[in-house]
Amino acid sequence: MTATAITQADAEKEIPAKGGHYPRGNRSPHDASGVVSSPYPPYQQYDCSKVAHGGLVVDVRAKHVFIYP
């Protein structure tokens, strides 16, 4: 799936972080560059190649936000 970026302000307003911070997505050395797995079940993979490193990404299935590493 193509990643949906979200700004810090929008993320805090719409999907606040539990514990004050968002978890990082997971990269696999076996996947193409820019492909990251969500840290939330069902661990959907997202193409984050158009998102800046350190940017926030919406996991549309789990309805949570994570950081693109």
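See the structure above.
Residues numbered from 1 in each chain as written. Predicted model: local features only at pLDDT ≥ 70, side-chain atom pairs only at ≥ 80, totals over all residues. Heavy atoms only, no water.

(A) Just the overall build of the protein, in detail. Across its full length, the protein holds 1 helix and 6 strands. Rg of the C-alpha trace for the protein: 11 Å, near the compact-globule value of 11 Å for 69 residues, within the 12% margin. Oriented by its inertia axes, the alpha-carbon framework of the protein measures out at about 35 × 25 × 20 Å. Within the span of the protein, comprising 69 residues, buried residues form 38% of the whole. (Helix = DSSP H or I, 4+ residues; strand = E, 2+ residues; numbered from the N terminus. Rg over C-alpha atoms; globule rule 2.2 N^0.38 Å. Buried < 20%, exposed > 50% of the residue type's maximum accessible area, 1.4 Å probe, protein only.)

(B) Looking closely at the side chain of Asp 59. Here Asp 59 shows up in strand β5 (residues 56-59). A distance of 3.0 Å separates a polar side-chain atom of Asp 59 from the backbone nitrogen of Ala 62. The contacts of Asp 59, once residues within four sequence positions are left out, are Ser 38, Tyr 40, Tyr 46, His 64 and Phe 66. (Polar contact = N/O pair within 3.5 Å; in protein donor to acceptor, adjacent residues only side chain to side chain. Contact = heavy atoms within 4.5 Å.)

(C) Structural context of the pairing of β5. The side-chain alternation of β5 yields two buried faces, one formed by Leu 56 and Val 58 and the other by Val 57 and Asp 59. Examined bridge by bridge, strand β1 (residues 4-6) and β5 share 3 bridges and lie antiparallel to one another. Bridge assignment links Thr 4 to a residue of β5, and that residue is Val 58. Note: β5 against strand β6 (residues 64-67), 4 bridges, orientation antiparallel. What sits directly across from Val 57, in β6, is Phe 66. Counted between consecutive antiparallel strands, the loop separating β5 from β6 contains 4 residues, among which Lys 63 sits at a positive phi close to 60 degrees. (Pairing = 2+ DSSP bridges.)

(D) Here's a closer look at the sheet that holds β6. In spatial order, the strands read β1-β5-β6; together these 3 strands make up an open sheet with antiparallel pairing. The open sheet has two edge strands with one neighbour each: β1 and β6. Within the sheet, the average angular offset between the axes of one strand and its neighbour, ignoring direction, is 45 degrees. (Axes fitted to C-alpha atoms, helices over the stretch in contact; angles between N-to-C directions.)

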